[in-house]
Amino acid sequence: MTDHEFRSKCSIARTLEICGDKWTLLIVRDLLWHRKHTFQELQLSSEGMPANILSQRLKRLMAWGLVIREPYQNRPTRYRYALTERGKSLEPVLKSIMTWGHAELGGGFFVPEDLRRSGEAIRSPHSSDPSTAHSSQSPAPNRAMPNLK
């Protein structure tokens, strides 16, 4: 782990210093659930993360012991990234964020298989069919959507 002096004694603030930007947890998501392990695979995610940001976030995740990288090709050297046990421990956080997003923001595209198997299938507020729990839905009615520009 990196020698770091936190700005706050609050556990939430400290966690957000490491993974509170808009990209870091998406990298963790892709490594954990989407079987993306190379720089190119991670860069091809639908969110379109710029290469410089992806590189910075991977370095941060490695510095904090959440991700490791191993070479899988020489000349040129290319690396495969994987979550450490510490990185995998973020899974409940991702599941909670995903659950909230499904319930409050009208669904989404992906529900990890283990959620479906465990009976925790996340249902959109517009759907009573668990098979559509991972499909794209429009925002819940009567909810003001913030302008996120």
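Residues numbered from 1 in each chain as written. Predicted model: local features only at pLDDT ≥ 70, side-chain atom pairs only at ≥ 80, totals over all residues. Heavy atoms only, no water.

## What to know about the overall build of the chain
And then number 1: Broken down by element type, the chain carries seven helices and two strands.
And then number 2: When the helices and strands of the chain are placed in sequence order, the string is α-α-α-α-β-β-α-α-α.
And then number 3: By the burial criterion, 30% of the 149 residues in the chain qualify as buried.
And then number 4: Taking all contacts inside the chain whose residues are at least 6 apart in sequence as the whole, residues at least 24 apart take part in 44%. (Helix = DSSP H or I, 4+ residues; strand = E, 2+ residues; numbered from the N terminus. Buried < 20%, exposed > 50% of the residue type's maximum accessible area, 1.4 Å probe, protein only. Contact = heavy atoms within 4.5 Å.)

## Description of the pairing of strand 1 (residues 67-73)
And then number 1: The pairing of strand 1 with strand 2 (residues 78-83) spans six bridges and is classified as antiparallel. By the bridge assignment for strand 2, Gln73 is matched with Arg78. (Pairing = 2+ DSSP bridges.)

## Here we look at empty space enclosed by the protein
And then number 1: Inspection of the entire model under this criterion finds one cavity of 30 Å³ or more.
And then number 2: Quantified by volume, the largest cavity comes out at close to 40 Å³.
And then number 3: By residue number, the principal contributor to the lining of the largest cavity is helix 2 (residues 24-32), which donates four residues. (1 Å grid on protein atoms, 1.4 Å probe; cavity = no way out; pocket = protein on both sides within 12 Å on 5 of 7 lines; lining within 4 Å. Points joined across faces, edges and corners; volume = space filled by probe spheres on them.)

## As for the confidence of the model for the chain
The predicted coordinates should not be examined in detail at positions where pLDDT is low.
And then number 1: When pLDDT is averaged across the chain, the result is 79; 72% of the residues are at 70 or more.
And then number 2: Predicted confidence is poor over residues 120-149, with pLDDT under 50, and the contacts of this stretch with residues over four places away or in other chains come to 47 contacts. (pLDDT = per-residue confidence, 0-100.)

## What about helix 2?
And then number 1: Across the nine residues that make up helix 2, a large majority, seven, are buried.
And then number 2: Buried residues of helix 2: Thr24, Leu25, Ile27, Val28, Arg29, Asp30 and Leu31, and no others.

## Thoughts on the packing of helix 2 against helix 6 (residues 91-104)
And then number 1: It is at 11 Å that the axes of helix 2 and helix 6 come closest, and there the two elements cross at 105 degrees. The orientation of helix 2 with respect to helix 6, classified from their angle, is roughly perpendicular. Contact residues: Leu25, Val28, Arg29 and Leu32 in helix 2; Glu91, Leu94 and Ile97 in helix 6.
And then number 2: Each residue belonging to the contact of helix 2 with helix 6 can be placed in one class, and the counts come to five nonpolar, no polar and two charged. (Axes fitted to C-alpha atoms, helices over the stretch in contact; angles between N-to-C directions. Parallel < 35°, antiparallel > 145°, perpendicular 65-115°, else oblique. Nonpolar A, V, L, I, M, F, W, Y, C, P; charged D, E, K, R; others polar.)

## Brief notes about the nonpolar core
And then number 1: Of all hydrophobic cores here, the largest spans 22 residues; its most connected members are Ile27 and Leu31.
And then number 2: Listing elements by their share of this core, those giving two or more residues are helix 1 (11-19), helix 2, helix 4 (51-63), strand 2 and helix 6. (Core = buried A, V, L, I, M, F, W, Y, C linked by side-chain atoms within 4.5 Å.)

## Quick word on the packing of helix 2 against helix 4
For any two helices packed against each other, the geometry is given by the interaxial angle and the distance between the axes.
And then number 1: The interhelical angle for the contact between helix 2 and helix 4, taken along N-to-C directions, is 75 degrees, at an axis separation of 10 Å. Considering the angle they form, helix 2 stands roughly perpendicular to helix 4. Only Leu54, Arg57, Leu58, Arg60 and Leu61 of helix 4 make contact with helix 2, whose side of the interface consists of Thr24, Ile27 and Val28.
And then number 2: When its residues are assigned to classes, the contact of helix 2 with helix 4 shows five nonpolar, one polar and two charged.

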